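Analysis of the macromolecular model
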Amino acid sequence: MGDFRIEGNGFQLDGRPFRILSGAMHYFRIPPAYWEDRLRKLQAMGLNTVETYVAWNVHEPRPGEFDFDGMADLVRFVATAQALGLYVIVRPGPFICAEWEFGGLPAWLLADPDMEVRCCYPPYLAAVRRFYEALLPRLLPLQIQRGGPVIAMQVENEYGSYGSDRAYLAWLRDLMLELGVETMLFTSDGATDHMLTHGTLDGVWKTANFGSRADGEFATLRRYQPDAPLMCMEFWNGWFDHWGEPHHTRDAEDAAAALDEILAAGASVNVYMFHGGTSFGFMNGANTDLETRRYQPTVNSYDYDAPLSEDGEPTPKYHAFRRVIGKYVDLPPLALPAPVPRIELDPIRFTDHASLADNAARLGPTIEAVAPRSMEALGQDYGYTLYRTRARHPAGVVRLSAERLHDRAQVFVDGVPAGVLERDGDLAIDVALPGGACVVELLVENQGRVNYGPDLQDRKGLLGWVRLGINKLYHWEMIPLSLRHLDVLSFDAYGGEPRNRPGFHRAVFDVAAPGDCFLDLSGWTKGVAWLNGFNLGRYWERGPQRRLYVPAPLLRQGRNELIVFEQHGSACRTAALHADRGEA
């Protein structure tokens, strides 16, 4: 059994002084086959601890149904770290931010029209309790007090950036203690007066999050905690990307100098991120600008310009950080695992097509209602929803408008594309009507729920009326398109299909030996790609992300299947697998 505790302004681990040198990695963003590789590289950089969030929506995709297998096998991840001699910090939320869909909260919470998350709203607390009752018993044996590697667990996450319900924070702390947590508890917040006022609890160790100016940040933290160890729980050494914005980087030497300031202060640190990985599938989050509330969906790559790249390669920042850490601890010669093989395959030719129009009914049930309903009200979490209504209107050009849309809708009249509505744009377009009866459809995409700030409760779909001219449209058919199971699609060989309509494109190709690579869909417009049934994520010509990471474990020796859902159509009929990520 072990012992980890605060002694004055430092830590004691089994009776010896200890400084936490940690790096952040999220098991749910990394294929399990690569966990050991990434952890060995973390250790080789000079770190002694790994930190991870726990994504509630990964583990409880539907109320009361839990998943702790595969990429969700948190226990295996922690055990892998322990086998390498690493300690572990666990941040179980229930909210994690993390640029992850809805900050890790499950979408089904929002089916309750009165839901209030991250506060003492009783149905929210009941859902959190159920999750913790499933999660924490798996972690309890892994605490250092019971011979495991877990030295600390977080209470909530950066709550001072969100709310003011101290009773909620106290309830969450008490729940963790009630369920058997013995290891050290902590909070983490930005080092500002208002964040440390609202996000901390008496008697719970306080940590700060920042990317530079360590002396000033720690001075603020000291005012709220004068006699405990200093720690930067999130040392932001890079940043994440939104669609349509420039790719973020931070100079390696600048970041290393900021790390040096933290360590020179005698503080502990958690490098956020050491290795970002990938938000596969529909799990990317989004932000809203805190001043304009403009919606900013995040790309699938979570490279973060971290010391270890998205595909697990040490970067100049890795070596710069190791040099800094080597000033404070004795490091052995650098020994890295063997590189993962790389492959190139160009071109991959698509041969089959399945139109969305012909396959929508196969992909989801048709639900009828007088007025449009949100995705959550339809029991849907991620993907797209097809809204359809029938109307009669005089011939000519008329204004089609929507009251509120989350997040992006392609409009069709009698199956013909009529335009696009976007959440922050003018939610109206002019459409040409033939006169008499017509079918109006809106294909609405959930581009990622907000993961930070006051707009967290980000319901998706059509959230209000749709009008033709001054007339509201009623009697809607709605088809949830979660796109979890594509084996129901009916493909035909390429022929005379319209190239500007949404549809699925399939390619079959052979691989002699799997290796890491990046899927290049240059020439395509916007959509989602699946490899052997695994959702790699979104592509969009808007950038900055240009290629989707394909870890070798997703490929098979021999035959492989690539399916692309192209929302707008493209004359392109090929894709490529490249050994590198290309330019952002």
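Residues numbered from 1 in each chain as written. Predicted model: local features only at pLDDT ≥ 70, side-chain atom pairs only at ≥ 80, totals over all residues. Heavy atoms only, no water.

Re the sheet that holds strand β2 (residues 10-13)
Let me state the cut-off plainly: Strands are treated as partners if at least two bridges between them are detected by DSSP. Only DSSP runs of H or I reaching four residues or more are called helices, and only runs of E reaching two or more are called strands; each is numbered from the N terminus. Angular values range over 0 to 180 degrees, each being the angle between N-to-C directions of two axes fitted as lines to C-alpha atoms, with helices fitted over their stretch in contact.
Taken in spatial order, the three strands of this open sheet run β1-β2-β3, and their pairing is antiparallel. A strand with exactly one partner marks an edge of an open sheet, and here the two such strands are β1 (4-7) and β3 (16-18). Ignoring strand direction, the axes of neighbouring strands in this sheet form an average angle of 45°. Pairing geometry for β1 and β2, over four bridges, is antiparallel. Within β2, the position partnered with Arg5 by the bridge is Gln12.

Examining the side chain of Gln154
So the rule is basically this: Buried means the residue's accessible area, taken with a 1.4 Å probe over protein chains only, is under 20% of the maximum for its type, while exposed means over 50%, and partly exposed covers the values in between. Distance and chemistry together define a polar contact, namely a pair of N or O atoms within 3.5 Å, with one atom able to donate a hydrogen and the other to accept it when in protein, and with adjacent residues in sequence counting only for side-chain atoms on both sides. What makes two residues a contact is simply this: any of their non-hydrogen atoms within 4.5 Å.
Here Gln154 is to be found in strand β7 (residues 150-154). Judged by its relative accessible area of 0%, Gln154 falls in the buried class. Of note is the side chain of Gln154, whose polar atom sits 2.5 Å from the backbone oxygen of Glu156. Setting aside its immediate chain neighbours within four residues, Gln154 contacts Tyr53, Val90, Arg91, Pro92, Gly93, Met176, Phe186, Thr187 and Ser188.

Quick notes on unusual backbone geometry
Note that the residue after Gly93, namely Pro94, is joined by a cis bond; omega there is 15°. Along the chain, Pro94 falls in the loop between β6 (87-91) and α4 (122-139). In this chain, Tyr272 is followed by Met273 through a cis amide linkage whose omega measures -5°. With respect to the helices and strands, Met273 occurs in the loop between β11 (268-272) and β12 (286-288). Despite not being glycine, Glu99 shows a phi value in the positive range, around 55°. Mapped onto the elements, Glu99 comes out in the loop between β6 and α4.

Considering the side chain of Arg91
Here Arg91 is to be found in strand β6. You can call Arg91 buried: its relative accessible area is 0%. Within the structure, Arg91 has its side chain in polar contact with the side chain of Asn157 (distance 3.0 Å). Among the polar contacts listed, one links the side chain of Arg91 to the side chain of Ser188, at a separation of 3.1 Å.

Quick word on the environment of Ala127
Locating Ala127 in the fold gives a position in helix α4. Measuring from C-alpha to C-alpha, the distance between Ala127 and Leu109 comes to 8.3 Å, with 18 residues separating the pair along the chain. Apart from the residues within four sequence positions on either side, Ala127 is in contact with Trp56, Trp108 and Leu109.

Describing the pairing of β2
Count of turn residues in the β1/β2 antiparallel hairpin: two residues, of which Gly8 carries a positive phi of about 65°. In sequence, β2 turns back onto β3 through a hairpin of two residues, with Asp14 there showing a positive phi of about 50°.

Section: the sheet that holds β7
Judged by pairing direction, the barrel is parallel, and its eight strands sit side by side in the order β4-β5-β6-β7-β8-β9-β10-β11 before closing back on the first. Strand-to-strand twist in this sheet, taken as the mean axis angle between neighbours without regard to direction, amounts to 25°. By the bridge criterion, four bridges tie strand β10 (residues 231-236) to β11 in an arrangement that is parallel. Following the sheet pairing, Met231 is matched in β11 by Ser268. Running at roughly 170° to strand β5 (residues 49-53), helix α3 (residues 74-83) makes contact with β5, β6 and β7 of the sheet.

Observations regarding the nonpolar core
Threshold: Nonpolar cores are built from buried Ala, Val, Leu, Ile, Met, Phe, Trp, Tyr and Cys residues. Side-chain atoms within 4.5 Å join them into one set.
Tyr124, Leu483 and Phe504 are the most contacted members of the largest nonpolar core, which has 129 residues in total. When residues in this core are grouped by element, the largest group, nine residues, is from α4. Ignoring sequence-local partners within four residues, the contact set of Phe504 consists of Asp352, His353, Ala354, Leu356, Leu363, Leu483, Leu486, Leu489, Phe491, Ile563, Val564 and Phe565.

So, the pattern of salt bridges
Selection criterion: A pair is scored as a salt bridge if a Lys or Arg side-chain nitrogen falls within 4 Å of a carboxyl oxygen belonging to Asp or Glu.
Per the stated rule, a full pass over the model turns up 43 salt bridges. Here Arg581 makes a salt bridge to Asp303, at a shortest N to O gap of 2.9 Å. Taken as a pair, Arg581 in the segment after β34 (574-578) and Asp303 in the loop between β13 (295-297) and α9 (316-325) lie far apart in primary sequence, 278 residues in all. Owing to a relative accessible area of 6%, Asp303 belongs among the buried residues under this scheme. Note that Arg342 and Asp311 form a salt bridge whose closest N and O atoms lie 2.7 Å from each other. Here the residue Arg342 occupies a position in the loop between α9 and β14 (345-355), and Asp311 occupies one in the loop between β13 and α9, the gap between them amounting to 31 residues. What makes Arg342 partly exposed here is its relative accessible area of 28%. Beyond isolated ion pairs, a larger network of salt bridges with shared partners links Arg388, Arg390, Glu441 and Glu477.

Focus: the packing of aromatic side chains
Operational definition: The pairing test for Phe, Tyr and Trp rings, Trp by its six-membered ring, is centres within 6.5 Å, and the orientation test on the planes gives stacked under 30 degrees, edge-to-face over 60, and tilted for anything in between. By the criterion adopted, a ring carries a charge over it if an Arg CZ or a Lys NZ lies within 6 Å of its centre and within 35 degrees of its normal.
All told, the structure shown has 33 aromatic pairs when counted by the stated rule. With a centroid separation of 6.4 Å and an interplanar angle of 50°, the aromatic rings of Trp56 and Tyr124 are classed as tilted. Separated by 68 residues along the polypeptide, Trp56 in helix α2 (residues 56-59) and Tyr124 in helix α4 bring together distant segments of the chain. Side by side, Trp56 and Tyr124 carry an identical accessibility label, which is buried. Summarising the aromatic geometry, the rings of Tyr159 and Tyr168 are spaced 5.6 Å apart at their centres and angled 55° between planes, so their arrangement reads as tilted. The class for Tyr159 is buried, based on a relative accessible area of 2%. Looking at Tyr168, the relative accessible area reads 0%, which means it is buried. Three or more aromatic residues joined by ring pairs make a cluster, and in this case those are Trp56, Trp108, Tyr124, Phe131, Tyr132, Tyr159, Tyr162 and Tyr168. Taking the ring centre of Phe491 as reference, the NZ or CZ of Arg506 above it sits at 4.3 Å.

Side note on α3
Just so we agree on the cut-off: To be clear, the arc concerns the directions from the helix axis to the C-beta atoms.
Along α3, the residues classified as buried are Leu74, Phe77, Val78, Thr80 and Ala81. Projection of α3 onto a plane perpendicular to its axis shows the buried side chains occupying an angular sector of 155°, all on one side. Contact partners of the buried residues in α3: α1 (35-44), β5, β6, α4 and β7. The positive-phi residue at the C-terminal boundary of α3 is Gly85, with phi of around 90°.

Nothing here speaks to function; it is all geometry.
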